[in-house]
Amino acid sequence: MSKKTAGTKKLDPRRVFSMLEKMYALVMNYGKCDSCDKSITIDECQGGHDIAHTNEGKTEDCIPLCKPCNGPKGCGTKVYSEWKGSEEHKEFLKTL
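Chemist: I keep staring at the layout of surface pockets and nothing clicks. Help me out?
Modeler: To locate leftover empty space, one rolls a probe as large as a water molecule over the atoms. Estimates place the volume of the largest pocket at around 290 Å³. Lining the largest pocket are 14 residues; nearest its centre among them are Arg15, Gly47, His49, His53 and Asn70. Residues that form the lining of the largest pocket fall into these classes: four nonpolar, eight polar and two charged.

Chemist: What am I meant to see in the pattern of salt bridges here?
Modeler: Note that side chains of opposite charge can pair when their charged atoms are close. Within the structure shown, the criterion is met by four salt bridges. In this structure, Asp34 engages Lys84 in a salt bridge whose closest nitrogen and oxygen atoms are separated by 3.2 Å. Placement of Asp34 in the loop between helix 1 (19-28) and strand 1 (46-48) and of Lys84 in the loop between helix 3 (80-83) and helix 4 (87-94) is noted, with a sequence separation of 50 residues between them. On the basis of relative accessibility, which here comes to 36%, the residue Lys84 falls in the partly exposed class. With its nearest N and O atoms 3.0 Å apart, the salt bridge here joins Glu91 to Lys94. In this pair, Glu91 and Lys94 both sit in helix 4, three residues apart, roughly one turn of the helix.

Chemist: In this structure, what is going on with a nonpolar patch on the surface? I would like to understand it.
Modeler: A cluster of nonpolar residues, Met19, Leu20 and Met23, forms a patch on the protein surface that exposes about 320 Å² of accessible area. Looking at the element boundaries, Leu20 is found in helix 1.

Chemist: So what exactly am I meant to see when it comes to unusual backbone geometry here?
Modeler: Its identity as a non-glycine residue notwithstanding, Glu56 has a phi of 70°, on the positive side. Taking relative accessible area as the criterion, Glu56 reaches 31% and is therefore assigned partly exposed. With a phi angle near 50°, Asp61 is a residue other than glycine that sits in the positive phi range. Residue class for Asp61 comes out exposed when judged on its relative accessible area of 66%.

Chemist: What exactly am I supposed to notice about helix 1 here?
Modeler: Note: α-helices contain 3.6 residues per turn, so residues at a spacing of three or four share the same orientation. Where helix 1 is concerned, the buried positions are Lys22, Ala25 and Leu26. Projected down its long axis, helix 1 shows its buried positions confined to an angular sector of 100°, all on one face. Away from its buried face, by an angle of more than 90 degrees, helix 1 presents the exposed residues Leu20, Tyr24 and Val27. Elements in contact with the buried residues of helix 1: strand 1 and strand 2 (63-65). Just downstream of helix 1 lies Tyr30, where phi reads positive at about 60°.

Chemist: Any chance you could explain the environment of Gly57 here in plain terms?
Modeler: Mapped onto the secondary structure, Gly57 falls in the loop between strand 1 and strand 2. Gly57 sits in the buried class, given a relative accessible area of 2%. Sequence separation between Gly57 and Thr77 is 20 residues; the distance between their C-alpha atoms is 9.8 Å.

Cut-off values and rules
- Residues numbered from 1 in each chain as written.
- Predicted model: local features only at pLDDT ≥ 70, side-chain atom pairs only at ≥ 80, totals over all residues.
- Heavy atoms only, no water.
- 1 Å grid on protein atoms, 1.4 Å probe; cavity = no way out; pocket = protein on both sides within 12 Å on 5 of 7 lines; lining within 4 Å.
- Points joined across faces, edges and corners; volume = space filled by probe spheres on them.
- Nonpolar A, V, L, I, M, F, W, Y, C, P; charged D, E, K, R; others polar.
- Salt bridge = Lys/Arg side-chain N within 4 Å of Asp/Glu carboxyl O.
- Helix = DSSP H or I, 4+ residues; strand = E, 2+ residues; numbered from the N terminus.
- Buried < 20%, exposed > 50% of the residue type's maximum accessible area, 1.4 Å probe, protein only.
- Patch = residues over 30% accessible without salt bridge, like charges linked within 9 Å, V, L, I, M, F, W, Y side chains within 5 Å.
- Areas by Shrake-Rupley, 256 points an atom, 1.4 Å probe, with all protein chains shown as cover.
- Arc of directions from axis to C-beta.
- Contact = heavy atoms within 4.5 Å.

None of this, on its own, says anything about what the molecule does.
What follows is the structure in structure tokens.
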């Protein structure tokens, strides 16, 4: 059993969503980015995490996002469910 060393994060070893998971999430979201509502293709779709992987988020419940919304100027490492609909999110959407 490994111990967690002070100052290190225990990251989910499964880093990315499969193509099938992204396709399902995108279909369930009517082919649109969950953040900006822009129509996106499966090739443009990034599998977003509610809690960023770098912040020990689990790779589950794929959120279909376009690259700008999933990037550092968008949700980045914030908690997505808290960021979406916030004033910061509304200001970000104006930049798209």
